[in-house]
Amino acid sequence: MEIMMTAVKEKLRRKELYIIGGIAVLLLFFLSSGESSLSINGEMITDFTMMLPVFLTIIHFVSCVLAIVLSIGTIGKEYERKTSHLIWIRGVSQFQYHGQLALSNLMISLMAQFVFFVVLGIYCIGQGQMQCFFRMIPAYLITGISTAILSLLTSVLSIVMPAFAAGVISTVVLVGGVFHSLLGIAAGTVGGAGGKALKYLLSVIPDLNNNAKMSTDFLLGKQVSVHDILVGVLTIYLISWFLVILKKKEA
């Protein structure tokens, strides 16, 4: 695991992690303070059960963005350094090499998400919602399904694509997954070749928004779909197989 830990330490020095994470944390603190004034359709949102979905939506989206940003160049940069031969002579297979790098991407992305959940936990305690606080770990793991999907997808794509192309595709998956329900409605109303193309695209893009919703429902004590959770876990498993299948030319 030496390769993974070295990659994690390198990512901890990246400015993007602290800039995006810092903005998100400040926004969460602002929303949780009594000074904030958030409204939807002219109606003020102050109730805990109304604020919680807003919190989870922000955490989910920012975590997904960070997963892409932190994963986009890891594997490609390792090859750009032209030091891969130093890995091969140590008896490390390409799958192990790519797997450890992808795992470092996943670990740092989930660490960033954990920081956001700490802020959310503080908010729950401040609101006297201890029952929600004790449900934080399962909710964190449910939200982490989206983070893991995008982190692994970006890592896999970066094996065979330039960083820019991998980032664009992962961003399309992010947008399609976050707005999956709305795009599904749009696909049903558009019709024609465009509607069919959109339906096909949505059939292969995971419904990331559902993970954020399930996380919120779980925190509020509502029932969540075990089937949907298993679908997310299966998606992670299938994507991870491409770390075995895809190869990259040595430096």
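Below, the structure is looked at part by part.

## Observations concerning the packing of helix 8 (residues 136-160) against helix 13 (residues 226-245)
Move 1: Running from amino to carboxyl end, helix 8 crosses helix 13 at an angle of 20°, the nearest separation of the two axes being 9 Å. Here helix 8 lies roughly parallel to helix 13, going by the angle between them. Handedness of the crossing formed by helix 8 with helix 13: left-handed. For the pair formed by helix 8 and helix 13, the contact residues are Ile 142, Ile 145, Ala 148, Ile 149, Leu 152, Leu 153, Val 156 and Ile 159 on the first element and Ile 229, Gly 232, Thr 235, Ile 236, Ile 239, Phe 242 and Leu 243 on the second.
Move 2: Classifying every residue of the contact of helix 8 with helix 13 gives 13 nonpolar, two polar and no charged.

## A few points about helix 3 (residues 48-71)
Move 1: With 24 residues, helix 3 ought to run about 34 Å at 1.5 Å a step, and its terminal C-alpha atoms sit 34 Å apart, in line with that.
Move 2: Burial of helix 3 is extensive: 17 of the 24 residues sit out of reach of the surface.

## Concerning helix 8
Move 1: The terminal C-alpha atoms of helix 8, which comprises 25 residues, lie 37 Å apart, in line with the 36 Å expected from a rise of 1.5 Å per residue.
Move 2: The largest bend in helix 8 comes to about 30°, at Gly 144.
Move 3: With respect to burial, helix 8 is a largely interior element, 21 of its 25 residues being buried.

## Quick notes on the pattern of salt bridges
Move 1: This structure, assessed with the given rule, holds one salt bridge.
Move 2: Across the pair Lys 213 and Asp 217 runs a salt bridge whose closest N-O atoms are separated by 2.9 Å. One end of the pair is Lys 213 and the other is Asp 217, both in helix 12 (residues 208-219) and four residues apart, which spans about a single turn.
Move 3: Here Asp 217 falls in the buried class, since its relative accessible area comes to 12%.

The rules we used
- Residues numbered from 1 in each chain as written.
- Predicted model: local features only at pLDDT ≥ 70, side-chain atom pairs only at ≥ 80, totals over all residues.
- Heavy atoms only, no water.
- Axes fitted to C-alpha atoms, helices over the stretch in contact; angles between N-to-C directions.
- Helix = DSSP H or I, 4+ residues; strand = E, 2+ residues; numbered from the N terminus.
- Parallel < 35°, antiparallel > 145°, perpendicular 65-115°, else oblique.
- Left-handed = near helix turned anticlockwise from the far one by under 90°.
- Contact = heavy atoms within 4.5 Å.
- Nonpolar A, V, L, I, M, F, W, Y, C, P; charged D, E, K, R; others polar.
- Expected span 1.5 Å × (residues − 1).
- Buried < 20%, exposed > 50% of the residue type's maximum accessible area, 1.4 Å probe, protein only.
- Bend = angle between axes of the 7 residues up to and from the residue.
- Salt bridge = Lys/Arg side-chain N within 4 Å of Asp/Glu carboxyl O.

Such coordinate-based values are descriptive only and should not be taken to indicate function.
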